[in-house]
Amino acid sequence: MDSPKSSSDSYNLAAGTSSDNDSPRTPFAVNETLRLLHTDDLSSKIEAAKQIRRLSKTSQRNRRHFSSAIPQLVDMLRSDSVESAQSALLALLNLAVKDEKNKISIVDAGALEPIIGFLHSESNMQEHATATLLTLSAASVNKPAIVASGVIPFLADILRDGSPQAKVDALMALYNLSTHPDYCKLIIRAEPVPSIVNLLKTCKKSSKLAEKCSALIESLVEFEEARTALISEEGGVLAIVEVLESGSLQSREHALGTLLTMCQIDRCRYREPILKEGVIPGLLELTVLGSQRSQFKAQTLLRLLRDSPYPRTDIQPETLENIVCNLISQIDVDEQSGKAKQMLTEMVQISMEQSLRHLQQRAMVCTPADMPISSCASEVSSK
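All residue numbers refer to positions counted from 1 along the written sequence of the respective chain. Per-residue local features of the predicted model are confined to residues with pLDDT of at least 70, and side-chain atom pairs are confined, for both listing and counting, to 80 or more; whole-chain, interface and lining totals are unaffected and use all residues. Derived side-chain values reflect all non-hydrogen atoms in the structure, with water molecules and hydrogen atoms excluded from consideration.

**Some points on the confidence of the model for the protein chain**
The pLDDT value expresses, per residue, how confident the predictor is, ranging between 0 and 100. Scored by pLDDT, the protein chain comes out at a mean of 82, with 73% of its residues at no less than 70. Looking over the protein chain, one finds the lowest element-wise mean pLDDT in helix H22 (residues 373–382), namely 34, and the highest in helix H6 (residues 100–108), namely 98. Only heavy atoms enter the contact rule, under which two residues are in contact if any of them lie within 4.5 Å. Taken together, the stretch residues 15–24 has pLDDT below 50 and engages in 23 contacts with residues farther than four places along the chain or on a different chain. Long-range and interchain partners of residues 312–317, a stretch whose pLDDT sits below 50, account for 1 contact in this model, where long-range means more than four residues apart. For helices the rule is a DSSP run of H or I covering at least 4 residues; for strands it is a run of E covering at least 2, with both sets numbered from the N terminus onward.

The structure is reproduced here in structure tokens:
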């Protein structure tokens, strides 16, 4: 599965073709559309909703102009006419994109109940409703109301059984709602981990979708039920390790955070499942090429994965190379061991090259003008 078409606050705007030239150039165009929306004629209302959808596709100004139409559009969601409800939903979706005030106004106008009702639809209304919930959930103010609406189990169902795009949007919406520990608990009760793992297995590990999957799992593994579900799911830990090896920088940090959290909470339980999936090469790479934060976390996890995670009592601290050698000796698979040994050699080589570059930079700073030769010589002779 390729990377998703939507993000936490940006969905493919629900319109056909449009351009900046579609923006109303006079108040009359806006007022006429709003007038049609307030008539009793259903066809006029539908036409107005389609106009709002089209005109708000690319224009932030038009989203502001048509914010007053939100209550009428929400009323249309409850219409017995499928065309009316769909036109209103798509208009609301476009009004909500990149407009925080409209997101809040749509929820305040009571849109959640009918939108959640559309999640049960077998038509494309399910996709539209999921996309709208994704967009609305990007506003922090809306999160308590969305969670209180009881939508999380429905999003988990779509994550499992929905269309490919609906699955992506459901995942993104759950990610948006996972920013609070209490909301994470509700998400875990809906048992989404197998579905998240399945998405992670099938998507490109460098995609935005993989990033959101790994970020959501990192949030959930703070709780035992999610850790158990990840370990129990076939290929669950392996999927995280694969992201650690070939994901984007952000994805790799989330994957690393997931494995580190697991080992820090219960090393005895999770050490073997993590080790057997060949995690060492990816960790070695991060100890050298990762961000400063990733390097520290990777080294911490390597220490937790060895036989004895406790600090040595010797005067000289144990080197990372010794820790890795200790881990390599515990690996049964020759291919994994060989790859780890090769990367360890490369790690040492890169470390030496970095140290040499650092020394060269220091030598360049020590110019004759800054530090006379006689001064340097006197310092050496005085030691």
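Still to come is the rest of the account.
**A look at helix H11 (residues 164–177)**
Compared with an ideal rise of 1.5 Å per residue, which puts 14 residues at 20 Å, H11 spans 20 Å between its outermost C-alpha atoms and is within 8% of the ideal. Note on classification: 1.4 Å probe, protein chains only; a residue is buried when its accessible area is under 20% of the maximum for its type, exposed when over 50%, partly exposed between these limits. Counted residue by residue, H11 has 11 buried out of 14 residues, so it is predominantly covered. Three or more residues of H11 are buried, namely Gln165, Ala166, Val168, Asp169, Ala170, Leu171, Met172, Ala173, Leu174, Asn176 and Leu177. Tucked inside the fold, the buried residues of H11 contact helix H8 (125–136), helix H9 (143–148), helix H10 (152–161), helix H12 (181–189), helix H13 (193–202) and helix H14 (208–220). Expected span of a helix, by definition, is 1.5 Å for each gap between consecutive residues, and there is one gap fewer than residues.

**Quick word on unusual backbone geometry**
One non-glycine residue, Lys98, adopts positive backbone phi at about 60 degrees. Following the sequence through the fold, Lys98 ends up in the loop between helix H5 (82–96) and H6.

**What to know about the packing of helix H18 (residues 280–289) against helix H19 (residues 292–305)**
Angles here are taken between N-to-C directions and fall from 0 to 180 degrees, while the axes themselves are lines fitted to C-alpha atoms, restricted in helices to the stretch in contact. Contact pair H18 / H19: the axes reach a minimum separation of 7 Å and the direction vectors enclose 145 degrees. Seen from above, H18 lies across H19 with left-handed handedness. Facing H18, whose interface residues are Leu283, Leu284, Leu286, Thr287 and Val288, H19 presents Ser294, Gln295, Ala298, Gln299, Leu301, Leu302 and Leu305. By definition, turning the near helix anticlockwise from the far helix through less than a right angle yields a left-handed crossing, and turning it clockwise yields a right-handed one.

**Describing the packing of H11 against H14**
At a minimum axis distance of 10 Å, the contact between H11 and H14 shows a crossing angle of 40 degrees. Relative to H14, the element H11 lies oblique. Considering only the axes of H11 and H14, their crossing is left-handed. Residue-level contacts link Val168, Leu171, Met172, Leu174 and Tyr175 of H11 to Leu209, Lys212, Cys213, Ala215 and Leu216 of H14. Residue composition of the contact of H11 with H14, by class: 9 nonpolar, no polar and 1 charged. Roughly parallel here means an angle under 35 degrees, roughly antiparallel means over 145, roughly perpendicular means 65 to 115, and every remaining angle is called oblique. Throughout this entry, Asp, Glu, Lys and Arg are counted as charged residues, while Ala, Val, Leu, Ile, Met, Phe, Trp, Tyr, Cys and Pro are counted as nonpolar. The remaining residues, Gly among them, count as polar.

**Focus: the nonpolar core**
One broad trend across soluble globular proteins is that nonpolar side chains are buried collectively. Only buried residues count toward a nonpolar core. Its members are Ala, Val, Leu, Ile, Met, Phe, Trp, Tyr and Cys residues joined through side-chain atoms within 4.5 Å. Residues Leu73, Leu200, Leu220, Leu259, Val279 and Leu283 are the most contacted members of the largest nonpolar core, which totals 95 residues. Broken down by element, the residue count for this core peaks at 9 residues, all from helix H17 (residues 249–275). Sequence-distant contacts of Leu220, that is, excluding residues within four places in its chain, are made with Cys184, Ile187, Ile188, Pro192, Val193, Ile196 and Ala226.

**Describing H5**
Because an α-helix packs 3.6 residues into every turn, residues spaced three or four apart end up facing the same way. An ideal rise of 1.5 Å per residue puts 21 Å on 15 residues; H5 measures up with 21 Å between its terminal C-alpha atoms. With 12 of 15 residues buried, H5 lies mostly within the body of the structure. Once H5 ends, the next one or two residues include Lys98, with phi positive near 60 degrees.

**Examining the side chain of Thr39**
Considering the arrangement of structural elements, one finds Thr39 in the loop between helix H1 (27–37) and helix H2 (42–55). We classify Thr39 as buried; its relative accessible area is 18%. Whenever a nitrogen or oxygen atom comes within 3.5 Å of another N or O atom, the pair is scored as a polar contact, on the condition that within protein one atom can donate a hydrogen and the other can accept it, and that pairs from neighbouring residues in sequence are kept only if both atoms are in side chains. A polar contact is formed between the side chain of Thr39 and the backbone oxygen of Leu36, at a distance of 2.8 Å. Among residues more than four places away in sequence, those in contact with Thr39 are Ser44 and Lys45.

**Digging into the pattern of salt bridges**
A pairing counts as a salt bridge when a side-chain nitrogen of Lys or Arg comes within 4 Å of a carboxyl oxygen of Asp or Glu. Considering all chains together, one arrives at 11 salt bridges under this definition. Between Glu83 and Lys50 there is a salt bridge whose closest N-O contact spans 3.1 Å. With Glu83 in helix H5 and Lys50 in helix H2, this residue pair connects regions lying 33 residues apart in the sequence. For the salt bridge of Glu285 with Arg252, the shortest nitrogen-to-oxygen distance reads 3.7 Å.

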